[in-house]
Amino acid sequence: MTYIPSWDTADEIVPGIVKEAMAQQGLPEGTVVEPLEEMLRKQSWRSSAVGEAEATATALRARLTVNQREELVQMHHLFDAESDQSLTPLASVATTPLIGVPKSLVTTPAALAYAMHVGVESTSLEGILQPRQWLEAAARGEESSLVSDLHPAAVRDEQPMMSHKAGLCIPVRRGYRQAQATAVLGDSPEDFALAQVLRQFHEHVSWLPEGDMSLASFWLFNRHQRTETLKVTSASLTPDEVQTRIDGSWDERGYRMIEPEEEERPYTVVEPSDLEFRGRSMVVLQTAWDQPRSLPASVMSDGSLETALALAGEVPHGLDAAKHRWQVTLICADHPLPPLPQLTTSALLTADQNPWHTFVRASDGDITYWSHRFDFVASGASLAGTLAAPKLVWPGIRKILHHATEASGTQLRPSAAGKRAAITERLLGSREALEYLAASPGWSILRRFMPDTSRTDLPVHSWWKLKSAVVLSWEAITAHEQDGWDAAARRAQADEWTTQGVLRRGLVLGCNHCPIFEFYPLAETSQQYRCRRCGGGNSLVQDRWKPFGEPRWFYDLHPAVLELVANDGDVPLLATQYLRNQPWARPALVGEEFELLRDGNPFVEIDFALATSDELWLGEAKKTDSLAESPRARKREAAKLIDGCVAAGAGGLILATAQSAWADVTIDALREETLGRRSAGRPVPRIQLLTGLRSRPELSWL
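Residues numbered from 1 in each chain as written. Predicted model: local features only at pLDDT ≥ 70, side-chain atom pairs only at ≥ 80, totals over all residues. Heavy atoms only, no water.

A. Inspection of the nonpolar core at higher detail. Core analysis: the biggest nonpolar cluster contains 46 residues, and Leu392, Trp394, Leu616, Leu618 and Leu655 have the highest contact counts within it. With seven residues, the single largest contributor to this core is helix 21 (residues 631–648). Setting aside residues up to four positions removed in sequence, Leu655 forms contacts with Glu620, Leu627, Leu641, Trp662, Leu670, Ile687, Gln688, Leu689 and Leu690. Among the nonpolar cores identified, the runner-up in size contains 43 residues, and Leu437, Ala438, Leu562 and Trp584 belong to it. (Core = buried A, V, L, I, M, F, W, Y, C linked by side-chain atoms within 4.5 Å. Buried < 20%, exposed > 50% of the residue type's maximum accessible area, 1.4 Å probe, protein only. Helix = DSSP H or I, 4+ residues; strand = E, 2+ residues; numbered from the N terminus. Contact = heavy atoms within 4.5 Å.)

Okay, structure coming up:
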């Protein structure tokens, strides 16, 4: 965020600066100064100090941001002067008394480290005790700790200013990820900023500037809530300096137990760029005004959803539409939106919607807009006329990828494999049905249609290898050995496939002129037919079909489905089926294979894309355990996949294989590439390895 202070804030820091600025205006004698002064206080304050702060923030973003390309960084601005067009602050409608550390006591980094958890109070009250152990309170990190020391006369209802309850909010954790504990060392402003950012994602964060940590070490190293190894980092100190300081705190901690000869230290030093800037926890309104409503929507050809009916003008209980401003979040089940900066307002509005109607953004997997209209509103307008009612779009996975890659100057197009999968998906009706097919016993039946598959175990004359394709009869399908799949289930499956067009039922007929045998679908068969090869006319008589008493039905597999099976298309399908059933990926949008192009030339092929409410994942699926044969080719493939993730703004890369494990040479190539990029300050997605897709799938981090 870019913070823009107002003149009112500047006057608090340098008292009298507003009066001095007004005196320099040279206003005529008798001018009423108070209204002009009030206007000045609400304007943005620009000075050399602001420029220096912005330069420092830019340098910090360049070090810590995941994607350093300026055109992909979504900039937000925070202005501290209240505006009638802004959202109503929670403090304006909160009923809980708020307390914090008096500003006069926040004179050291250690005091600020604790105030970061409870807030800073501008007023100064008598009888306040100054806690001696600021770092102990900061390491404990609890919003309500030592409140009695801050305000001995505080009543039970009073809450720290930074507490969730004081903001009418509660924390919520999604999925099953364990709590994360992080400590930030160093007393520079960058360290404070890093700790504040991490508090938005990690459950327990302590900022510990330089000082005596003997009392704080108990809470730091023995936090009962912590279930993972403590991660220690710094924005201003080198890893060696961080290691020395945290080792010293561990060795000098203020308590001792019987320790083994080789103790396992419960912490690890990491670079800020290696931290996970995402989380399973979020903060929501405790008394959110939920309005269940079925909102009719149109499903577009690319899988996007467009609302067909605007919401009625309704005001949450306890708010006044004339005074308060709130936000509305529309939740579309099973259609999440990843928080990509490329999903701007234009990507979330229908073509005929005025983009200046209200502020629209993607928020926590859904779409959020501000309650009141931004465009022209007539004086005395009704409630319905003042509240916003935009027509929204939930982009499909293909459109999400289009917006994500377009911002980086990269083009996207379906690959040949992606087109085959899309055709099969249309035949079956959904991506989920296609994934189910890949995991079902029916996939092995479809493999029997491949030209190079052995069929010696099938009855004689139950299948034929024609010039154009392999066809199977019902006898061949029933003779195929498959445990737990009886004849009745196969009969129902074959009928469903023929209805969908996956299989085509017909006859194998010869020609009286060529002669050649070919498959003729049922829709093309009549008493008279023409040869597909030479065009000669034929009659449907006994000489034209294979030597059976009566013609036998055969089944031909749709060419796109045949190519999908022949190219091991079940591997990416099994991967996305497994991933979409993971708790962190519910719900998810899944896209088939595509290519990314630069200057019109493809540079990487992606096997699948997975969009959740948290982020965008790209994936590579192989039936083998290696990306390529030679070391140079493996390095090139790893680099291309990572480049594809960066170009699409994807936060993660998933490498899936049908084998029980990836080869060591593949893992080494990935690690070498990621370490090299991190050392050069280049963005690197988080990488997960998915193995055993055709047997027992397992997912692990690289």
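On we go from here.
B. Molecular detail of unusual backbone geometry. Of note, the bond from Arg586 into Pro587 is cis; its omega dihedral lies within 30 degrees of zero at -10°. Residue position: Pro587 is located in the loop between helix 20 (570–580) and strand 27 (589–591). The backbone of Asp334 sits at a positive phi, close to 65°, despite the residue not being glycine. With respect to the helices, strands and loops of the structure, Asp334 is situated in the loop between strand 15 (327–330) and strand 16 (360–363).

C. Structural view of helix 20. Counting buried positions over the eleven residues of helix 20 gives nine, a clear majority of the element. Taken together, the buried positions of helix 20 are occupied by Asp570, Val571, Pro572, Leu573, Leu574, Ala575, Thr576, Leu579 and Arg580.

D. Structural detail: helix 14 (residues 416–428). With 13 residues, helix 14 extends 19 Å from end C-alpha to end C-alpha; this agrees with the ideal 18 Å at 1.5 Å per step. Those residues of helix 14 that sit buried are Ala417, Gly418, Arg420, Ala421, Ala422, Thr424 and Leu428. Where helix 14 is buried, its residues contact helix 15 (431–439), helix 18 (487–500) and helix 19 (559–566). After helix 14 finishes, the residue Gly429 shows a positive phi value of roughly 110°. (Expected span 1.5 Å × (residues − 1).)

E. Region of interest: the sheet that holds strand 33 (residues 686–691). Read from one edge of the open sheet, six strands run 27-30-31-32-33-34, paired in mixed fashion. At either end of the open sheet lies a strand with only one pairing partner, and these are strand 27 and strand 34 (698–701). Neighbour-to-neighbour, the strand axes of the sheet open up by a mean angle of 20°, direction not taken into account. In this sheet, strand 34 lies alongside strand 33 in antiparallel orientation, the contact comprising four bridges. Across the sheet, Thr691 pairs through a bridge with Glu698, a residue of strand 34. The strands touched by helix 13 (residues 397–406) are strand 27, strand 30 (608–611) and strand 31 (616–622); relative to strand 27, the strand with the most contacts, the crossing angle is about 75°. Contacts between helix 20 and the sheet are confined to strand 27, strand 30, strand 31, strand 32 (652–657), strand 33 and strand 34, with strand 30 contributing the most and set at about 10° to the helix. (Pairing = 2+ DSSP bridges. Axes fitted to C-alpha atoms, helices over the stretch in contact; angles between N-to-C directions.)

F. Here's a closer look at the side chain of Ser415. One can find Ser415 in the loop between strand 19 (411–414) and helix 14. From its side chain, Ser415 meets the backbone nitrogen of Gly418 in a polar contact 3.1 Å long. Leaving out residues up to four positions away in the same chain, Ser415 has contacts with Glu593, Phe594, Glu595 and Glu605. (Polar contact = N/O pair within 3.5 Å; in protein donor to acceptor, adjacent residues only side chain to side chain.)

G. Expanded view of the pattern of salt bridges. One pass over the full model with this rule turns up 32 salt bridges. Notably, a salt bridge pairs Asp352 with Lys391, separated by 2.7 Å at the nearest N-O pair. With Asp352 in the loop between strand 15 and strand 16 and Lys391 in the loop between helix 12 (383–386) and strand 18 (393–394), the pair connects residues that are 39 residues apart, well separated along the chain. Owing to a relative accessible area of 29%, Lys391 belongs among the partly exposed residues under this scheme. In this structure, Arg694 engages Asp570 in a salt bridge whose closest nitrogen and oxygen atoms are separated by 3.0 Å. Here the residue Arg694 occupies a position in the loop between strand 33 and strand 34, and Asp570 occupies one in helix 20, the gap between them amounting to 124 residues. Since its relative accessible area comes to 41%, Arg694 is described here as partly exposed. (Salt bridge = Lys/Arg side-chain N within 4 Å of Asp/Glu carboxyl O.)

H. Region of interest: the environment of Pro209. Position of Pro209 among the secondary structure elements: in the loop between strand 9 (204–208) and helix 10 (217–221). Owing to a relative accessible area of 1%, Pro209 belongs among the buried residues under this scheme. Distance in space between the C-alpha atoms of Pro209 and Ala110 is 6.1 Å, their sequence separation being 99 residues. Not counting the four nearest positions on each side in its chain, Pro209 is found in contact with Pro109, Ala110, Ala113, Leu135, Gly186 and Asp187.

I. View of the packing of aromatic side chains. Evaluation of the coordinates by the stated rule reveals seven aromatic pairs. Ring centres of Trp370 and Phe374 lie 5.9 Å apart, and the angle between their planes is 80°; this geometry places the pair in the edge-to-face category. A relative accessible area of 18% means that Trp370 is categorised as buried. Linked through ring pairs, Phe359, Trp370 and Phe374 together constitute an aromatic cluster. Positioned above the aromatic ring of Trp463, the side-chain terminus of Arg455 is 4.8 Å from the ring centre. Over the face of the ring belonging to Phe603 we find Arg598, whose NZ or CZ atom lies 4.0 Å from the ring centre. (Phe/Tyr/Trp six-rings, centres within 6.5 Å; stacked < 30°, edge-to-face > 60°. Lys NZ or Arg CZ within 6 Å of the ring centre and 35° of its normal.)

J. Main features of the sheet that holds strand 16. Taken together, the three strands give an open sheet; going across it, the order is 15-17-16, and neighbouring strands pair in antiparallel fashion. Edge positions in the sheet fall to strand 15 and strand 16, since each has one partner strand and no second. Strand-to-strand, the axes of this sheet are offset by a mean angle of 30°, without reference to chain direction. Two strands pair when backbone bridges link them, and strand 15 and strand 17 (residues 366–370) are joined in this way by four bridges, in the antiparallel orientation. Among the inter-strand pairings, Thr329 is bridged to a residue of strand 17, identified as Thr368.

K. Focus on the state of the cysteines. Summed over the entire model, instances satisfying the criterion amount to zero disulfides. With no disulfide of its own, Cys534 lies closest to Cys514 among cysteine sulfurs, the gap being 3.2 Å. Cys534 gets classed as partly exposed once you look at its relative accessible area, which sits at 43%. (Disulfide = S-S within 2.5 Å.)

L. Broad picture of the side chain of Thr233. Looking at the element boundaries, Thr233 is found in strand 10 (residues 230–233). What makes Thr233 buried here is its relative accessible area of 0%. A polar atom in the side chain of Thr233 sits 3.0 Å from the backbone oxygen of Val270. Here Thr233 is in contact with Thr182, Ala183, Val184, Leu185, Leu194, Val242, Val270, Glu271, Pro272 and Leu275, once residues within four sequence places are set aside.

Honestly, it's all geometry; don't read function into it.
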